[in-house]
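# Structure at a glance
Spelled out from the first residue to the last, the chains are:
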Amino acid sequence: MLITHDTRCALDLVVDLVNTTPEGDETDGLPDVAALDDFARKRDLSDIGVLSEFDLSAVRKIRGRFAAVFAETDARTAAGLINELVAAAGTTPRLTDHDGYDWHVHYFAPGASLADHIAADCGMALAFFVVAGEQERLRRCEAPDCRRAFVDLSRNRSRRYCDSRTCGNRLHVAAYRARRKEAAG
Ligand SMILES: [Zn+2]
Ligand SMILES: [Zn+2]
């Protein structure tokens, strides 16, 4: 499937957003408005304006909905979740070639709140995975103590861990130790 620069940015954004969700006794990755502002500005989201507590709670709410999309294996259920996210945000599709990028479509309405901006553009990026029959690429890490979201862009959809250098590797080490222990015993 064709993944344009902007789709890629939207995917990275939604994965980063879902992964700010506190798991277990972790602290929230978006603890306050300043952290949200930092999160948005690091990702060059345009037209953000001044953020408030309202934005923080709205973004946390859609974060939970996006997390549900990544946890969902059934395409129909995922489609329903994405439809709700995009419908609540409202969209104004328009072609743009800003900042030297090729023509692509922005979905967020002009003046949209940060949460609506993210819900519209990231929701549509995920929608195209469902359309392409590629919803299973929206995954959560299979390492036992890790539930991080990621998008599997490998050719044969074989990626199981969020980051092979940490989770995948940690499991390999554990399996190696187990084998060695077995051999020794
Ligand atoms: Zn763009
Ligand atoms: Zn992981």
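Residues numbered from 1 in each chain as written. Chains lettered and ligands numbered in written order. Predicted model: local features only at pLDDT ≥ 70, side-chain atom pairs only at ≥ 80, totals over all residues. Heavy atoms only, no water.

Here we come to the coordination of the zinc ion (ligand 2). Protein-derived ligands of the zinc ion (ligand 2) are Cys-141 (SG), Cys-146 (SG), Cys-162 (SG) and Cys-167 (SG), with the metal-ligand distances lying across 2.3 to 2.4 Å. In this structure, the zinc ion (ligand 2) is surrounded by 4 donor atoms whose angles at the metal cover 106 to 116 degrees, and the resulting shape is tetrahedral. Sequence spacing of the donor residues for the zinc ion (ligand 2), all on one chain, is C-x4-C-x15-C-x4-C. One end of the pair, Cys-146, is in the loop between strand 3 (138–140) and strand 4 (149–151); the other, Cys-162, is in the loop between strand 4 and helix 6 (164–184), with 16 residues separating them in the sequence. (Donors = N, O, S within 2.8 Å, 3.2 Å for Na, K, Ca; no water. Tetrahedral: all angles 85-135°; square planar, octahedral: opposite > 155°, others 65-115°. Helix = DSSP H or I, 4+ residues; strand = E, 2+ residues; numbered from the N terminus.)

Under the definition given, this model contains 13 salt bridges. With a closest N to O distance of 3.7 Å, Glu-136 and Arg-139 form a salt bridge. Exposure remark for Arg-139: the relative accessible area of 14% places this residue in the buried category. As a salt-bridge pair, Glu-136 and Arg-157 come within 2.4 Å of each other at their nearest N and O atoms. You can see Glu-136 sitting in the loop between helix 5 (114–131) and strand 3 and its partner Arg-157 sitting in the loop between strand 4 and helix 6, a full 21 residues away along the chain. On the accessibility criterion, Glu-136 (44% relative accessible area) is partly exposed. (Salt bridge = Lys/Arg side-chain N within 4 Å of Asp/Glu carboxyl O. Buried < 20%, exposed > 50% of the residue type's maximum accessible area, 1.4 Å probe, protein only.)

Our next topic: the packing of aromatic side chains. For the structure on display, the rule yields 1 aromatic pair. Arranged with centres 6.4 Å apart and planes meeting at 55 degrees, the rings of Tyr-107 and Phe-128 form a pair that is tilted. Residue Tyr-107 is located in strand 2 (residues 104–108), and its partner Phe-128 is located in helix 5; the two are separated by 21 residues in the primary sequence. Tyr-107 gets classed as buried once you look at its relative accessible area, which sits at 14%. When its relative accessible area of 37% is taken as the criterion, Phe-128 is described as partly exposed. For Arg-43, the ring lying beneath its charged end belongs to Phe-39, and the centroid distance is 3.9 Å. Directly above the ring of Phe-108 sits Arg-94, whose terminal nitrogen or CZ lies 4.9 Å from the centroid. (Phe/Tyr/Trp six-rings, centres within 6.5 Å; stacked < 30°, edge-to-face > 60°. Lys NZ or Arg CZ within 6 Å of the ring centre and 35° of its normal.)

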